[in-house]
Protein chains: 2
Amino acid sequence: MRDFKWTDAEKKVARRVFDAALQTEYAALLERLKGLAAEARTLDDIWNIHDFLAGQREAIDDKYDFRYSQLIIVFGRLCRENRIADQDLAGLSGDKIDAIRRIASL
Amino acid sequence: MRDFKWTDAEKKVARRVFDAALQTEYAALLERLKGLAAEARTLDDIWNIHDFLAGQREAIDDKYDFRYSQLIIVFGRLCRENRIADQDLAGLSGDKIDAIRRIASL
């Protein structure tokens, strides 16, 4: 992985794309949580929700790492999961977009 | 703490009292969880629910220990928290009830 330089304008694009993807992801998580809580009946149901949230927390903490050294990988993964689209990357340099697409296609 | 002997009839009383207290406790927890989930808006709200459930799980696992060697302490604590009442203990021997009340008054 090259050590990309991020311009101020690219950093703003990156932050916007990152935040939008995270917001979509946690909005879905929130809906899932509300559904699970509404359906819960037993103590095991409650602890299953706890376990579910623990797993989600680890996954989201791992996936959403806003360090410039990690962003290409982060965005590549989000592209692969269809959480961000090609047009979301407009404003980033061509070499960054290429690197993101390469990771997305892995 | 004496090593009490539990008759079969007392074991049935103990199980009934224990299960009823646990059910009341987790029904309240379930209501609380549904309320927190319904009000949650942000990712921090979600993780706060996770932390809340983690604490409740530890507290409930610690409190509800159905081993005959622990039941006097368990019931004493539940009495102190007004989760079980004196009349719930009917059917247990006098020395057990006395021991439970002593712990409840600590």
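Rules behind the numbers
- Residues numbered from 1 in each chain as written.
- Chains lettered and ligands numbered in written order.
- Predicted model: local features only at pLDDT ≥ 70, side-chain atom pairs only at ≥ 80, totals over all residues.
- Heavy atoms only, no water.
- Axes fitted to C-alpha atoms, helices over the stretch in contact; angles between N-to-C directions.
- Helix = DSSP H or I, 4+ residues; strand = E, 2+ residues; numbered from the N terminus.
- Parallel < 35°, antiparallel > 145°, perpendicular 65-115°, else oblique.
- Left-handed = near helix turned anticlockwise from the far one by under 90°.
- Contact = heavy atoms within 4.5 Å.
- Nonpolar A, V, L, I, M, F, W, Y, C, P; charged D, E, K, R; others polar.
- Least-squares fit on C-alpha atoms with pLDDT ≥ 70 in both.
- Core = buried A, V, L, I, M, F, W, Y, C linked by side-chain atoms within 4.5 Å.
- Buried < 20%, exposed > 50% of the residue type's maximum accessible area, 1.4 Å probe, protein only.
- Phe/Tyr/Trp six-rings, centres within 6.5 Å; stacked < 30°, edge-to-face > 60°.
- Lys NZ or Arg CZ within 6 Å of the ring centre and 35° of its normal.
- pLDDT = per-residue confidence, 0-100.
- Buried area = accessible area lost by both parts, 1.4 Å probe.
- Salt bridge = Lys/Arg side-chain N within 4 Å of Asp/Glu carboxyl O.

The next subject is the packing of helix 3 (residues 71–80) of chain B against helix 4 (residues 94–104) of chain B. When two helices pack together, their arrangement is given by the angle between the helix axes and the distance between those axes. Residue and element names in this part refer to chain B. One can describe the packing of helix 3 onto helix 4 by two numbers: an axis separation of 7 Å at closest approach and a directional angle of 55°. It follows from the interaxial angle that helix 3 and helix 4 lie oblique. Once helix 3 is placed against helix 4, the crossing between them reads as right-handed. For the pair helix 3 and helix 4, contact is made by Ile72, Ile73, Phe75, Gly76, Arg77, Cys79 and Arg80 and by Lys96, Ala99, Ile100, Ile103 and Ala104, respectively. Here the residues of the contact of helix 3 with helix 4 sort into eight nonpolar, one polar and three charged.

When chain A is fitted to chain B, the residual RMSD is 0.0 Å, and the transformation amounts to a turn of 180° plus an axial shift of 0.0 Å. Taken together, these values place the two copies in the relation of a two-fold axis. For chain A, the residue whose C-alpha comes nearest the rotation axis is His50 of chain A, separated from it by 2.9 Å. Interface residue correspondence from chain A to chain B reaches 100%, placing this contact among same-surface, isologous pairings.

In this section: the nonpolar core. In terms of nonpolar packing, the biggest core is built from 74 residues, with Ile46, Leu53 and Phe75 of chain A together with Ile46, Leu53 and Phe75 of chain B touching the most fellow members. Filtering out sequence-adjacent residues up to four positions away, Ile46 of chain B remains in contact with Tyr26, Leu29, Leu30, Leu33 and Leu53 of chain A.

Glancing now at the packing of aromatic side chains. A full pass over the atoms with the stated rule returns eight aromatic pairs over all chains. With a centroid separation of 5.8 Å and 40° between ring planes, the pair formed by Trp6 of chain A and Tyr68 of chain A is classed as tilted. Of this pair, Trp6 of chain A sits in the segment before helix 1 (8–39) while Tyr68 of chain A sits in the loop between helix 2 (43–63) and helix 3 (71–80), and the two are 62 residues apart along the sequence. We classify Tyr68 of chain A as partly exposed; its relative accessible area is 33%. Put simply, the rings of Trp6, Phe18, Tyr64, Phe66 and Tyr68 of chain A pair up and form one aromatic cluster. Its end group placed over the ring of Phe66 of chain A, Arg15 of chain A keeps NZ or CZ at 3.9 Å from the ring centre. Here the guanidinium or amino end of Lys11 of chain B rests over the ring plane of Tyr68 of chain B, the centre of that ring lying 4.9 Å away.

Once that is clear, we can look at the confidence of the model for chain A. Averaged over every residue, the pLDDT of chain A is 95; residues scoring 70 or more account for 98%. Interface confidence in the predicted complex, given as ipTM, is 0.83; pTM for the same model is 0.85.

Let's shift gears to the interface of chain A and chain B. Accessible area lost when the parts come together is the quantity often used to give the size of an interface. Counting from both sides, the interface comprises 23 residues of chain A and, opposite them, 23 residues of chain B. Both faces considered, chain A and chain B share a buried interface measuring about 2100 Å² in area, 72% of it formed by carbon and sulfur atoms. Considering only the surface of chain A that becomes buried against chain B, Trp47, His50 and Arg57 of chain A emerge as the three largest contributors, covering 30% of it. Summed over the shared surface of chain A and chain B, the result is two salt bridges. Between Asp51 of chain A and Arg57 of chain B there is a salt bridge, and its shortest N-O distance comes to 2.8 Å.

All names here are of chain A. All told, the structure shown has 23 salt bridges over all chains when counted by the stated rule. A salt bridge links Lys63 to Glu25, with the nearest nitrogen and oxygen atoms 3.0 Å apart. Here Glu25 lies in helix 1 and Lys63 lies in helix 2, a separation of 38 residues in the sequence. By relative accessible area, which is 7% here, Lys63 ends up buried.

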